[in-house]
Structure formats: C-alpha cells, structure tokens
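Listed below are the residues making up each chain.
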Amino acid sequence: MKKVLLFLPLFFMALPIFSQDPVPAPGPKEIAFLCDIRVMDTDQPSIDFSWAKDRFAEQYEIYRRRLDQSNDAWELLTTLDSSADSYKDRAVEAGVGYEYQLLKKCARPDITMSYIGSAYFATGIGIPPRSVKGKSVLVIIDDKVRPYLTNELNQWQENVQKEGWKVTIVAMPRTEKFDKDAVLAVKSKILQETKLNRTITTVMLVGRIAVPYSGNTRPDGHPDHTGAWPADMFYADTNGKWTDANVNTDNNPAGQQPTREQNRNIPNDGKFDQSSLPSDIDLAVGRIDFYNLPVFFDKDKYATIFDSEIELYKRYFKKNNDFRTGVFVPKRRGLIDDNFGGYGEYFAVTAWSGFSSLNGSNTVTAAKWYPTLTTDDYLFAYGCGPGSFNSVGGVSNLLGFSANKTNAVHTMLFGSYLGDWDSEDNVLRGSLGSEGMNLTTCWSGRPHWFHHKMAVGYTIGDNAIASINNQPGETGYVPNVIVNKTYPDGVILTAGVRGVHNALLGDPTLQMEQNVNGSSLTPPQPPKNLTIESLPTHKALRWEKSPDAEGYIIYRTSSTLPKASFSLITPIPVTEIFYNDSVTDNKTYRYSVQAIKKKVSDKAIYFLGSDTIMKNATITSIDDRIANNGHLTVMPNPARTFVDIDCTMMNEKYTIYIVNTAGELVKTIDNDSPNIVRWNLVDDCNGAVISGNYYIHIRSAALSYLRMISVIQ
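Here is a short report on the structure shown in this document.

**Brief notes about the overall build of the protein**
Part 1: Counting secondary structure elements, the protein contains 11 helices and 41 strands.
Part 2: In summary, the protein has a C-alpha radius of gyration of 30 Å against a globular reference of 27 Å for 713 residues, a match within 12%.
Part 3: Relative to its full complement of 713 residues, the protein shows a buried share of 59%.
Part 4: Sequence separation of 24 or more characterises 75% of the internal contacts of the protein that already satisfy a separation of 6 or more.
Part 5: Of the accessible surface of the protein, which amounts to about 28,100 Å², a share of 49% is contributed by carbon and sulfur atoms.
Part 6: In the protein, 72 positive and 79 negative side-chain charges are present, and the distance between their average locations comes to 2 Å.

**Quick look at helix 2 (residues 150–162)**
Think of an α-helix as 3.6 residues a turn; residues three or four steps apart then line up on the same face.
Part 1: With 13 residues, helix 2 ought to run about 18 Å at 1.5 Å a step, and its terminal C-alpha atoms sit 19 Å apart, in line with that.
Part 2: Among all positions of helix 2, only Glu152, Leu153, Trp156, Gln157, Asn159 and Val160 are buried. The buried residues of helix 2 occupy an angular sector of 165° when the element is viewed end-on, so they sit on one face.
Part 3: The inward-facing, buried residues of helix 2 abut strand 8 (135–142), strand 9 (165–172), strand 10 (200–206) and helix 5 (305–325).

**Remarks on the pattern of salt bridges**
Pairing between side chains of opposite charge can happen when their charged atoms approach one another.
Part 1: Per the counting criterion, the structure on display carries 36 salt bridges.
Part 2: The closest approach of N and O atoms between Arg38 and Asp602, which form a salt bridge, is 4.0 Å. A residue pair is termed long-range when its members are at least 10 positions apart, and Arg38 in strand 1 (residues 35–40) and Asp602 in the loop between strand 33 (588–600) and strand 34 (605–618) qualify at 564 residues.
Part 3: Two residues, Glu513 and Arg332, come together in a salt bridge whose shortest N-O distance is 3.2 Å. Of this pair, Glu513 sits in the loop between strand 25 (504–506) and strand 26 (515–516) while Arg332 sits in the loop between helix 5 and strand 14 (334–338), and the two are 181 residues apart along the sequence.
Part 4: With relative accessibility at 26%, the residue Arg332 sits in the partly exposed group.
Part 5: If you follow the salt bridges from partner to partner, you end up with Arg208, Asp232, Arg287, Asp289, Asp422 and Arg429 in one network.

**Digging into the nonpolar core**
Part 1: Ranked by internal contacts, the top residues of the largest apolar core, which has 139 residues, are Phe49, Trp51, Leu102 and Tyr382.
Part 2: It is helix 5 that provides the largest number of residues to this core, a total of 7 residues.
Part 3: Excluding anything up to four places from it in sequence, Tyr382 contacts Leu335, Ile336, Asp337, Phe347, Ala348, Ala351, Phe355, Trp369, Met412, Phe414, Ser444 and Gly445.
Part 4: In terms of nonpolar packing, the next biggest core, distinct from the first, is built from 22 residues, Val643, Trp679, Val689 and Ile709 among them.

**Examining the packing of helix 2 against helix 5**
Helices that pack against each other are described as a pair by the angle of their axes relative to one another and the distance between those axes.
Part 1: Packing of helix 2 against helix 5 leaves a shortest axis separation of 10 Å and a crossing angle of 25°. Here helix 2 lies roughly parallel to helix 5, going by the angle between them. Here helix 2 and helix 5 pass one another in a crossing that is left-handed. Contacts from Glu152, Leu153, Gln155, Trp156, Asn159 and Val160 in helix 2 reach Lys314, Phe317, Asn320, Asn321, Arg324 and Thr325 in helix 5.
Part 2: Class assignment for the residues of the contact of helix 2 with helix 5 results in 4 nonpolar, 5 polar and 3 charged.

**Details of the packing of aromatic side chains**
Part 1: According to the stated counting rule, one finds 31 aromatic pairs in the structure shown.
Part 2: Ring geometry for Phe290 and Tyr313: centres 5.1 Å apart, planes at 45°, overall tilted. Of this pair, Phe290 sits in the loop between strand 13 (284–288) and helix 5 while Tyr313 is found in helix 5, placing the two residues 23 residues apart along the sequence.
Part 3: You can call Phe290 buried: its relative accessible area is 2%.
Part 4: With 6.4 Å between their ring centres and 55° between their planes, Phe290 and Tyr316 make a pair best called tilted. With Phe290 in the loop between strand 13 and helix 5 and Tyr316 in helix 5, this residue pair connects regions lying 26 residues apart in the sequence.

**Let's talk about the sheet that holds strand 38 (residues 665–671)**
Pairing between sheet strands relies on hydrogen bonds along the backbone, with the strands arranged either parallel or antiparallel.
Part 1: The 4 strands are arranged 38-37-40-41 in an open sheet whose pairing can be described as antiparallel. This sheet does not close on itself; its edge strands, each paired only once, are strand 38 and strand 41 (704–711). Neighbour-to-neighbour, the strand axes of this sheet turn through a mean angle of 20°, independent of strand direction.
Part 2: With 8 bridges connecting them, strand 40 (residues 692–700) and strand 41 associate as antiparallel partners. Looking at the pairing, Gly692 lines up with Val711 of strand 41.

**Notes on the state of the cysteines**
Part 1: A complete count under the given rule lists 0 disulfides for this structure.
Part 2: Looking at Cys35, it has no disulfide partner, and the nearest cysteine sulfur is the one in Cys106, 13 Å off.

**With respect to the pairing of strand 3 (residues 57–66)**
Part 1: For strand 3, the buried fraction is high: 7 of the 10 residues fall into the buried class.
Part 2: Pairing analysis gives 9 bridges linking strand 3 to strand 6 (residues 97–108), with the strands arranged antiparallel. What sits directly across from Glu61, in strand 6, is Leu103.

**A look at helix 10 (residues 460–469)**
Part 1: Of all 10 residues in helix 10, 10 are buried; the element is thus mostly enclosed.
Part 2: Among all positions in helix 10, only Ile460, Gly461, Asp462, Asn463, Ala464, Ile465, Ala466, Ser467, Ile468 and Asn469 are buried.
Part 3: Those residues of helix 10 that are buried lie in contact with helix 4 (233–236), strand 13, strand 21 (408–414), strand 23 (440–441) and strand 25.

**Quick word on the environment of Trp74**
Part 1: Take Trp74: it is sitting in the loop between strand 3 and strand 4 (75–81).
Part 2: Separated by 27 residues in the primary sequence, Trp74 and Gln101 have C-alpha atoms spaced 7.7 Å apart.
Part 3: A distance of 3.1 Å separates a polar side-chain atom of Trp74 from the backbone oxygen of Gly476.

**A word on the sheet that holds strand 36 (residues 643–646)**
Part 1: If you trace the 3 strands from one edge of the open sheet to the other, you get 35-36-39, paired in antiparallel fashion. Of all strands in the sheet, those bounded by a partner on one side alone are strand 35 (634–635) and strand 39 (676–679).
Part 2: Bridge count between strand 35 and strand 36: 2 bridges; the pairing is antiparallel. Across the sheet, residue Met635 finds its bridge partner in strand 36, namely Asp644.

Rules of the game
- Residues numbered from 1 in each chain as written.
- Predicted model: local features only at pLDDT ≥ 70, side-chain atom pairs only at ≥ 80, totals over all residues.
- Heavy atoms only, no water.
- Helix = DSSP H or I, 4+ residues; strand = E, 2+ residues; numbered from the N terminus.
- Rg over C-alpha atoms; globule rule 2.2 N^0.38 Å.
- Buried < 20%, exposed > 50% of the residue type's maximum accessible area, 1.4 Å probe, protein only.
- Contact = heavy atoms within 4.5 Å.
- Areas by Shrake-Rupley, 256 points an atom, 1.4 Å probe, with all protein chains shown as cover.
- Lys, Arg positive; Asp, Glu negative; His and termini not counted.
- Charge placed at Lys NZ, Arg CZ, Asp CG, Glu CD.
- Expected span 1.5 Å × (residues − 1).
- Arc of directions from axis to C-beta.
- Salt bridge = Lys/Arg side-chain N within 4 Å of Asp/Glu carboxyl O.
- Core = buried A, V, L, I, M, F, W, Y, C linked by side-chain atoms within 4.5 Å.
- Axes fitted to C-alpha atoms, helices over the stretch in contact; angles between N-to-C directions.
- Parallel < 35°, antiparallel > 145°, perpendicular 65-115°, else oblique.
- Left-handed = near helix turned anticlockwise from the far one by under 90°.
- Nonpolar A, V, L, I, M, F, W, Y, C, P; charged D, E, K, R; others polar.
- Phe/Tyr/Trp six-rings, centres within 6.5 Å; stacked < 30°, edge-to-face > 60°.
- Pairing = 2+ DSSP bridges.
- Disulfide = S-S within 2.5 Å.
- Polar contact = N/O pair within 3.5 Å; in protein donor to acceptor, adjacent residues only side chain to side chain.

If you want it as structure tokens, here you go:
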C-alpha cells in the first residue's frame, strides 16, 4: 500500500531567538517515540517492534522502504489503534535492508495540543555490504601540521585500511584566515581526486584547511548573527552551482548586520550566496581543526599556541586509535543534557528517539554532561542550552571541556552562536580536543540529525549525508509535528534544513562501534584470482579462498560504464569457492566477488565486506559452441561407467568442464597433455553423477569444443 500519512502542512518558520518563554509540557521525551526493535532470524523471520503505551496516543502508523531506496516514498504497512504496544513485520526477506518510520499520533486536550512523534530504524537479516567497488577516503591535511603527525597518520591509515578503506593523503597550504583562492584550490583538489578515483566517498580535513563561507542566514535566530556561516558543504557538493554575486550583508536591515567580521558577505569576496544547498551533497566531509583555541594553551607547558594545537591533534588520533582497537569500548547507551526542554522545536527529541532506536529505550538517560561523562562512558551524548560561541548553557563552556574528560564517542551540541564553528575558542569545534573519547560532534537542532543507519554499519559520514540532505515530508525524516495555539494548523518545524551551515566535526570514517567484546569490526581479507568460464548454459565462477571469510556474495552488471550499478545475485551468501550463474545470452558481464563476515545483534544482522575482485566475461550461446565441435570425440555415448574424451588435438594447457543441463558445474579436470582423458562419471566430490544429459566442454586459451553425452546409471 502506498503511503497515506496525513502530514500536516509544512512551514518554514521565522526563527525565534532562545530567550522566549518555554512551551508547556510535554517535553521532548514525551513527544519522542521511544521504541525497541528485535530481529528474529528464525524459520519464520520477522522484525519485531515494541513500545510502552502512551496514554495520549490515538493511533500508531508503521511505514517501510528498502534501505537501498532511501529516496523513495514511505510505504504504509499498517495502522494500529491506541491500545497497541507492538508490531511484528513478517514480510521480510533475507539479504534485504529496510528502513522503518514509526509514528504515534497523540492529543493533549488538557493543554489544547496534539503532536506526532517519530522513530526511525535501519535493520534487516543479512544486509549486504554497501560497497561493491570498494571505498576510499581522501585526507587533506594542513602542510604545516603534517610533519608532526607522521606516526599518528600512519597508525590511523593502518587501522582504516583494515576496515576496507583505501586512503589518499594530500597536503595543502595552511590557511589561517579566510582566503577565497585557497578555498577554490581545495575544492579543485577534491574534484580532481574524485575524478581520478571514483570510489572516494569521504573527505577528512585535518588541520587548518581553508574554510569556505556562504549565505545570508541566521539559523540560530539571532539578527546580529545574520550573514555568511562556515560552509564545508561547499566541499561536499561536487556538482551544485555556487555563486558569489548577489548577497550583500551591508544592505541588510538595521539590526541584522553581522557583528562578526567573518560573517560579512558582499559580492565577489569569495563568500558564496547560497544559504541552502544548491543540490544534494555527494561526499561525507568531516573536519578535525584545533586552530585558534587559546583556552587549551598552557604557557607553562607549551612554547607557542601552535604547539598546543599539535598536542590536540595527537590526543585526538590517540583517542581514535583506542576506540578503533578496543582499548576503549563504551557502553551502548545515550546521555541527554537538555536545557531547553519543550521550547520551540523540541531540540532534544531526535536524541531521545534516535538513541533509543540504536541502543534500546531503557539505555537513554537524562543526566548532566559533567560530572557524568567524566567518569561514566557512553556511546552517544546530546547537550543543548542557551549558547554562545564558547559555551552551551547548562552543559559546559570550552574551558570545562578542556579541563574534563568527555567519555562519549559520538556527540551532538546545540545552542545559539556555537554552530558558527570557525570562531575563536568555539565550543563545538573545540570539544573534540577534550580528554576522554569524544570523536565526533555536530550542531543538531536546526536541523535535527538522524543517526539510525549507523545500526547497520553506516559511518558517521554516511549519517551526515543523510541528515544534511534530508527534506522532511513524503520521503524524508520528520522529527515531530506540532499542533497548538502557536501553530493551530500544524507544523513540521524545519529551521536549518539543508542549510549550508551544516557540518560534521571529527573523523567521518568512524562507525557507531568499532570493537565489540574485544573483537575488531574489520572485514575479512578479499578472495583472490577470480576465474570465469563461459559455458553453454551458465557462467562458472571460481576463486581462491579468503582465510577469514564466513562466506561470499556475488554481484553482476552488464554495463561497462565506470559508475555501473551492480546487482546482488546471491542475497544468501555462498560458502563454497565457486558459483554458477545461469545467464545464457550473448552480453558481456562483469562480476564482483566479495568475502563477508556476519555482524549479529538483536537490532540487525549485516555483513562486513572485503574489497572485491572483479572480472569481465562474455556469454556465448550453446549453438555457437556446437559449431566448433567437429573434432571432439567422446566414447562411449551413452556412458554407464566411464567416458573417454579425445583431447589429442589440444596443444596447450586446457580444462575440461562437465556441466549438467541445469547449468551446474559437476566436474572440472585440468590437463596439459594432448591425450585421451577418462571421466569416471563422478563429480568433484567423487560422488557418482545421476542419469541424464551432460555437456563436456573443453577449453584452452585458443580453442573451445563442446559435446553432449548421455549418462545411464
């Protein structure tokens, strides 16, 4: 059934500043849909959802779509009444990933309010790896910083290569102040490298790489903060049109002049016009930048502020290594330090629902950032409150981050001003310099970020692309829908959606978890030496075993284009080191074989994939083969105990393939002598073949012969 969700009208609201009186209860936790998921990999597989009944709920709706079709509209699976507290989806297939959207429609007559809470899940049973052709990360590093981080970068590269990444590292000039030529040079390098290597999906900026600026925007709602904001999304967008001809903040109305010089934007100054993305971003871009953070500078410890900057990079990569190698394995739980509550857009709502969907509703706790994260460890943490460039009200200022550990890996912060992350002692950018395990952060609230795909092995960079490109509505993710006296017609609050100010700070290659129970989540080694034999009824693939694989999956395409789309032809992995593909037309096919390991949890089952081996093969029809069989003699025919195959015409190494009429390879015989070869009517496992017709196909580099025989047992 097609989606029939009755979304209320979508408005882009005027942005209030963070000083208004808060909206009455309910708060973000009550608005959020706290739901649990369990994958049942049994004879009757299912995806099971459960939740605590909400006494204000009037209806629940469950939607689904394929994970590999995340731009499609949601399909309505069912509508449940207010008494429901669970749902079981039995119509699931092995080898398919799914996204779910769960909505609860609630009414609060006591405060003349109604609302829709949402929850999102990514799950499946045996989800194939996302990468068929491999994945690569481009590292652009500050040329002044690079010599000091040789050991750290080498260790990081070794770690990510074990995870299946290919790495390209490029040094570019350190750019401390805004420089339009430096910005264009970085973009040119990214475009150049992605054209040379089409598997680059991710870009990591390390050090003081030129910062783009764009827009005439104020996503935090403050008139004095209107103008161009830092815009790494310019680097993430490979084909959008960015202009610098129209915006002039000098012409802004009184009270909307930017007070920070960096936010000033005039035509032809190198700062772009766009406040919203001109097109979807294509690359996951993450920045690790500890420039201009004097709060970390200890004059008794460091000779210069640059020395303390270098120390922060070293600390960051040490934390990164500890997380990737299992020195630090945080508990799968989330912390929320919410100092806005029910104000405005319910900023913490997606933290409540998102952390619950990833880890379980009973693992999310409302607690203070400090001292909790100084001693306790969490996988996720969210903090929000009235902000400044260097503080999040009620959470901490940058001085607090510099003095305390933050033992949460993936964090989100929100408040006024701090989303403009290129400022001095910026708390968002600088928080990653703290001790503890804080490795990624973003400004989540305008817009909301959605993390659910990380449950099936997506990286934080993948998560950034999905969140930044998101457009709430028929195909996107909706944090909530509110109907009250302020919004009597209903509103999906969309402040900041697709804004150029969006940014991921930290390593974009990181996954939700990198190590479970002391076992690193690294893919198996790839198989080797793929060979493909064109047979009359099928294509016979063989490869050398991967030493640590649990199975293999195979993809096929008939396209020869560099960006060819591969189709998975083995949704259930094969455990053998051969596969017979029963295609019989005359197309040229390209095959890709990937070794896999299974990652199992109660939330999802997905595969970690190796690098792939690829090879082209041409299918030739049976009739064409028969035309070449004039010199092939086999006796006796029919055969009862054996058949002798006359190979005296073969003058180089050759292989004999015995294939049944179902297209299955039964027996392979390699030979390099021009003689009579006897087949004793047994298969490769030395078991007797059954009665029936078989093709005997002889092939060398230059010759090919085919004959059909009958076996009577």
